[in-house]
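# Structural description and commentary
Chain by chain, the residues run as shown.
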Amino acid sequence: MDDTTDSESVADAFDDRTIDLATFDTDVTMEDWATKYRVGDIRLSPYFFFTPIETLTPTKTVGLGRTNLTLIMATIVQTDAAAPYAGFDRQATPSRNPAVSMHFAPSAYGISTVGTYVMTFTVETNGPSTFTVGGYAGSGTLSGAGAKPVNGRQTITLILKDVQPSQQVYGSIEQTAGSSWLWYSTRVSYPPLVFQL
């Protein structure tokens with residue numbers, strides 16, 4: 001009898017492969033940025049461009065200040081894989097839903113103005129899954145929170161709008177249904193600059 005869990009069998013198959021996270025499907029397209037998230041509705045910092053402020057991964061779990069990562073109910077964290085990952089299997093941890101969260105401290109990165117930040121979670125599921133996306137933006141607001149279906153390679157997006165520079169904020173994804181999955185990274189960046197569709 002094979003007593004390996006579903007996440008172990010999925011994860012073992014991925015230890016030697018390399019992946020390009022930029023090729024993962026995204027839940028917010030450039031068209032969405034142009035129509036749903038207009039520049040006039042987003043408070044821009046002086047450094048408005050779509051480059052990462054911070055990226056946390058299984059091999060880098062702490063950023064500047066109190067910026068850090070929390071992994072809840074991971075069944076494996078494989079840091080020496082070609083593409084390091086944390087694996088989760090909801091069936092193996094029925095007492096609590098698996099989740100990933102990132103706390104972010106803007107002032108630790110020299111940010112001194114109110115800003116809008118995009119937090120993305122790069123995941124890969126072994127079949128259809130549902131995640132609850134949430135967070136805390138202090139006196140600002142969240143966009144993109146709620147239930148999100150994922151099947152395969154996906155980037156899950158949460159937007160934290162009008163965040164005070166001294167405010168510590170966070171974003172999270174929590175699996176509420178579905179198959180085993182892998183998490184590769186969580187990134188905080190400024191919104192992309194869209195001039196014309």
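Here, every reference points to the structure presented above.
Summarised in this report is the structure supplied together with it. (Residues numbered from 1 in each chain as written. Predicted model: local features only at pLDDT ≥ 70, side-chain atom pairs only at ≥ 80, totals over all residues. Heavy atoms only, no water.)

## Notes on the overall build of the protein
Quick note on the threshold: Secondary structure counts use DSSP, requiring at least four H or I residues in a row for a helix and at least two E residues in a row for a strand, with both numbered from the N terminus. Relative accessibility under 20% of the residue-type maximum defines a buried residue, over 50% an exposed one, and the middle range a partly exposed one, all with a 1.4 Å probe and only protein chains included. Contact criterion: two residues are considered in contact whenever any of their non-hydrogen atoms come within 4.5 Å of each other. Residue exposure ignores everything except the shown protein chains as possible cover, and the areas themselves are Shrake-Rupley values with a 1.4 Å probe.
The number of helices and strands found in the protein is 2 helices and 13 strands. Scored against the burial criterion, the 197 residues of the protein give a buried share of 49%. When contacts within the protein are restricted to residue pairs at least 6 apart in sequence, long-range pairs at least 24 apart make up 76% of them. For the protein, the accessible surface area stands at approximately 9400 Å², while carbon and sulfur atoms represent 49% of it.

## Observations concerning the sheet that holds strand β12 (residues 169-178)
The strands making up a sheet are joined through hydrogen bonds of the backbone, oriented either antiparallel or parallel. Selection criterion: Strand pairing is assigned whenever DSSP identifies at least 2 bridges connecting the two strands. Axes here refer to lines fitted to C-alpha atoms; in helices the fit is confined to the stretch in contact. Angles between the N-to-C directions go from 0 to 180 degrees.
If you trace the 5 strands from one edge of the open sheet to the other, you get β3-β6-β12-β8-β10, paired in antiparallel fashion. What marks the edges here is a single partner per strand, and that holds for β3 (68-72) and β10 (146-150). Across this sheet, the average inter-strand angle for adjacent strands is 20°, counted without regard to direction.

## As for the side chain of T120
You can see T120 is positioned in strand β7 (residues 115-125). With residues near it in sequence (within four places) discarded, T120 still touches T155, I156, T157, S185, T186 and R187.

## Describing unusual backbone geometry
Even without a glycine there, the phi angle at M73 is positive, about 65°. With respect to the element layout, M73 can be found in the loop between β3 and β4 (74-78). Overall, the relative accessible area of 28% leaves M73 in the partly exposed class. The backbone of D162 sits at a positive phi, close to 55°, despite the residue not being glycine. Residue position: D162 is located in strand β11 (residues 153-163).

## So, the packing of aromatic side chains
For any pair of aromatic rings, the description rests on two quantities: the centre-to-centre distance and the angle between the ring planes. Put simply, the rule reads: Aromatic rings from Phe, Tyr and Trp, taking only the six-membered ring of Trp, are treated as a pair when their centres fall within 6.5 Å; an angle between ring planes under 30 degrees marks them as stacked, one over 60 as edge-to-face, and anything in between as tilted.
Evaluated as defined, the whole model comprises 6 aromatic pairs. In this structure an aromatic cluster arises from ring pairing among F104, Y109, Y117 and Y190.

## Considering the nonpolar core
Convention followed: Here, nonpolar core means buried Ala, Val, Leu, Ile, Met, Phe, Trp, Tyr and Cys residues that are tied together by side-chain atoms lying within 4.5 Å of each other.
Counting residues in hydrophobic clusters, the biggest one holds 28 residues, and the most contacted among them are F104, I173 and W183. Within the second largest apolar cluster, 8 residues are counted, among which are I19, Y85, L182 and Y184.

## Some details on the pattern of salt bridges
Our working rule: Note on definitions: salt bridges are taken to be side-chain nitrogens of Lys or Arg within 4 Å of carboxyl oxygens of Asp or Glu.
Tallied over the entire structure, the rule returns 2 salt bridges. In this structure, E54 engages K60 in a salt bridge whose closest nitrogen and oxygen atoms are separated by 2.5 Å. We classify E54 as buried; its relative accessible area is 6%. The exposure class of K60 is partly exposed, given its relative accessible area of 36%. For R153, the salt bridge is made with E124, and the minimal N-O distance between the two is 3.5 Å. Separated by 29 residues along the polypeptide, R153 in strand β11 and E124 in strand β7 bring together distant segments of the chain. Since its relative accessible area comes to 31%, R153 is described here as partly exposed. Assessed through its relative accessible area of 11%, E124 is described here as buried.

Honestly, that's just the spatial picture; any functional story needs more than this.
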